[in-house]
Amino acid sequence: MPITFNKQNMTFTINTENTTYQMAVVEYGLLTHLYYGQRVKNGTDLTYLLNRYAAARASTYNEIPYEEFEKGAARLCPQARFQEYSTFGIGDRRTPCLIGRFANGGGTIDLRYHSHKIIHSKPALMGLPSVYANENEKAHTLIIKMKDKAEKLFVELYYSIIDGHDMIMRSQKIINKTGKPFFINSALSFNLDIRRSDLDLISLYGKSNNERYMDRAPLKHGKFSTDSTAGATSNFSSPAFMVCEHNADEEHGECYGAVLMYSGNFVASAELDYNDRVRLTMGINPTTFNWKLKNNEEFTTPEVILGYTDKGIGQLSRNYHDIIRYNVCRGKWKKEQRPVLTNNWEATVFEFNTDKLVEIAKDAKAFGVDMLVVDDGWFGHRDWDNTSLGDWYVDKKKLPGGMEDLCKRINDLDMKLGLWFEPEMISEDSDLYRAHPDWAIKVPNRAPMRSRWQYVLDITRQEVRDYIIDMISKVIGCCPIAYIKWDMNRNITDAYSLNLKADEQGEFYHRYVLGVYDMFEQIIERFPNLLIESCCGGGGRFDAGIMYYSPQIWTSDNTDPIHRLKIQYGTSLFYPISTMGAHVAYAPNINTYHNATVLQRGVVAMAGTFGYELDPMHETEESMAQMLKMTQLYKKHYFTINHGDYYRVLSPYDQQTVITRIDAWQFVSKDKKSALLSIVQMDNVNDPNEIFIKLKGLDPNKNYKLFAYSDGLENTRPFKSIIKEEELGVFSGEVLMKAGLHYSLIRGDNRTSLIEIDEVE
Ligand code: GLA
């Protein structure tokens, strides 16, 4: 059995294929963490790992008699113990999971083991996204119920596993039976105490247009934390990190990961204490959270997906990719091939009409595009970004025949139509605001902050959510709309709801996130076949929570392929390729003016959902032909890219040669019969040179035929960019992985190659 309880030594053991997690109920009902790491044999007793020492003068449980304390029971004290679920008020000075106050104002929470059960399923979380088991998969859940020593406050700790995944899903239910309210100040989703100090932290940071850059640094004594107070996950930080051994790399070393399924204000921390132990935590950000839990009510924390491997960072990423794409993403589009889209945002911004859109679609069809997405500007009188959010009806000046006419003309081209919405927002200049000014959030007697000239709707209110969803549904339902882009373009300030009492206002941010999830769920229920791409001022709400509702997310407003390399590399540490919105945009790029070849733009967009974002009118016949080639290559390799294994081969963060940095990555089909290698030189090269790139994930016993598409720049005036196609020969998987593939660094700006690798008998 993957989850067991041993009555003799009171241990709970959770085994996945390659990992073991063990905890024990020790004296006085204290729940203590023992181990999380490589799989050990069934029945192994790890209680010898219980810590033996406590720091002098650490606070001690009152029921421990002096003699026992002297004999060593001091090791049980909250500060010394490896805690399974730490609470505040009893002397554990590391970051606790639970901080709260009882009705008498006291903030001491002392949880003891009450009971437990093991079930053979994976419960969903009320109102929150969570990992689920597919029909053919077995799931198991351990629920340990803890009770406060003095009051009837219970916490149920959930640990779920799904056969075939080396992951543990944790969340908690806080249950108030005290007869009075209990005020939760902080309810993080887990703490994990690790008995070693030689660890690096890998975390993500960024900003608008440069989201999810990777940071890696050794943990130092003290606490590192990263968080969001933006109301959404944010462009600045990510609710996902890893800690790994100092020398861990893509293939080797022990690594722990945590990915939170939450799309709002979060905090993630890694702390190295003075006893040289590490505590990891992650959950809802307490800075913007206060929850009044009434008697007989429950509060459920978001789910965290914990992972461990001794096989390096790459393996941990692949484990996350698999669980997220198959057990978090839902609906038709998790398996089915998604349409290649072209989005009109960078092509037209707000200036378009039906004829222009149809022209873009028609031209894009010539290079294999399946769907036109009409971005911002089709509704109200939205000619700029300061108006009309909330007025989700067609601007007849731009689309005189309405959405039906546009949709028909696009469908007549045998293409699908997609639409942009920003459902959570309201413009001051809108009919919606004129009718319901109180729906925009603001604190009474204060003028709210504007951002992008818009306000945030109070979607903590059911009537607001329902109204918006009805309005949006009317548009989606009026003709066959196949896709929506769900945007969210500002941070939340002035958090306040007229529906909440003064002592409940601290609930706003979390209720907002629950409101977002409810709106998504309503749309999915009404339109189960709709493909939803979420977006947030670029990639500001890119997390495993939102992936439960939308299987693809716009990764960043930065469409420059060279900039995208670091963004997509960082994102790939946790999130699968199939979730990363990526488009071939103009060259020169509208923001950076970088002049990338079609191949380079295509290859980088292929490490994502692949689409276009340009007006074909400005393209030459030559580049249109190259775009068609890219679309065909993407479609040909769709399943290897989206359902194969992803390997980071060379990092855009490293300088591998004197002259240029090189990014390289690989997709390998699960049966290892075919693979795709992408290589991008990040700088100009003057003198030719060569490197040997060691491939990954192939079968050493198979022979593979290699075929390359490479940038060939001809030194003519003006420069001519051609895609050179050549057979590279047949090599064994063994030599490609051990000796490496010869790769010429030849002259040119950011030369790019795409290499097909196919098994030969
Ligand atoms: C955000 C998105 C863009 C685009 C604009 C439209 O910035 O990230 O892709 O949709 O909004 O206003």
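For the structure, see preceding data.
Procedures and definitions
- Residues numbered from 1 in each chain as written.
- Predicted model: local features only at pLDDT ≥ 70, side-chain atom pairs only at ≥ 80, totals over all residues.
- Heavy atoms only, no water.
- Helix = DSSP H or I, 4+ residues; strand = E, 2+ residues; numbered from the N terminus.
- Disulfide = S-S within 2.5 Å.
- Axes fitted to C-alpha atoms, helices over the stretch in contact; angles between N-to-C directions.
- Parallel < 35°, antiparallel > 145°, perpendicular 65-115°, else oblique.
- Left-handed = near helix turned anticlockwise from the far one by under 90°.
- Contact = heavy atoms within 4.5 Å.
- Nonpolar A, V, L, I, M, F, W, Y, C, P; charged D, E, K, R; others polar.
- Near = heavy atom within 4 Å.
- Polar contact = N/O pair within 3.5 Å; in protein donor to acceptor, adjacent residues only side chain to side chain.
- Areas by Shrake-Rupley, 256 points an atom, 1.4 Å probe, with all protein chains shown as cover.

J.: It is not clear to me how unusual backbone geometry should be interpreted in this structure. Could you clarify?
T.: Trans peptide bonds make up the majority, and among non-glycine residues the majority have a negative phi. Here Ala 587 and Pro 588 are connected by a cis peptide whose omega angle stands at -5°. With respect to the helices and strands, Pro 588 occurs in the loop between strand E30 (583-585) and helix H10 (598-606). Phi at Trp 453 is positive, roughly 60°, even though this residue is not glycine. In this fold, Trp 453 is placed in the loop between helix H6 (431-435) and strand E25 (454-456).

J.: Would you mind going over the state of the cysteines with me for this structure?
T.: Cysteine pairs can be linked by a disulfide, which is a covalent bond between their two sulfur atoms. Taken as a whole and judged by the stated rule, the model has 0 disulfides. Sulfur of Cys 478: no disulfide; nearest cysteine sulfur belongs to Cys 479 and is 3.6 Å away. Looking at the unpaired Cys 536, the closest cysteine sulfur is the one in Cys 535, lying at 7.1 Å.

J.: Please explain the packing of helix H9 (residues 561-572) against H10 as it appears in this structure.
T.: Two quantities define a packed helix pair, namely the angle between the axes and the distance from one axis to the other. Their axes nearest at 10 Å, the elements H9 and H10 cross at an angle of 20°. If you check the angle between H9 and H10, you find them roughly parallel. With respect to the hand of their crossing, H9 and H10 are arranged in left-handed fashion. On H10, the residues touching Pro 561, Ile 562, Arg 564, Leu 565 and Gln 568 of H9 are Gln 600, Arg 601 and Val 604. When grouped by side-chain class, the residues that make up the contact of H9 with H10 number 4 nonpolar, 2 polar and 2 charged.

J.: I keep staring at the site of the ligand and nothing clicks. Help me out?
T.: Near the ligand lie 13 residues; those nearest to it are Asp 375, Asp 376, Lys 485, Gly 538 and Asp 557. Separating an oxygen atom of the ligand from a side-chain N or O atom of Arg 452 is a distance of 2.9 Å. Considered on its own, the ligand offers 300 Å² of accessible surface; in the complex 96% of this is hidden by protein. Each residue belonging to the shell around the ligand can be placed in one class, and the counts come to 4 nonpolar, 3 polar and 6 charged.

The values are spatial; any link to function lies outside them.
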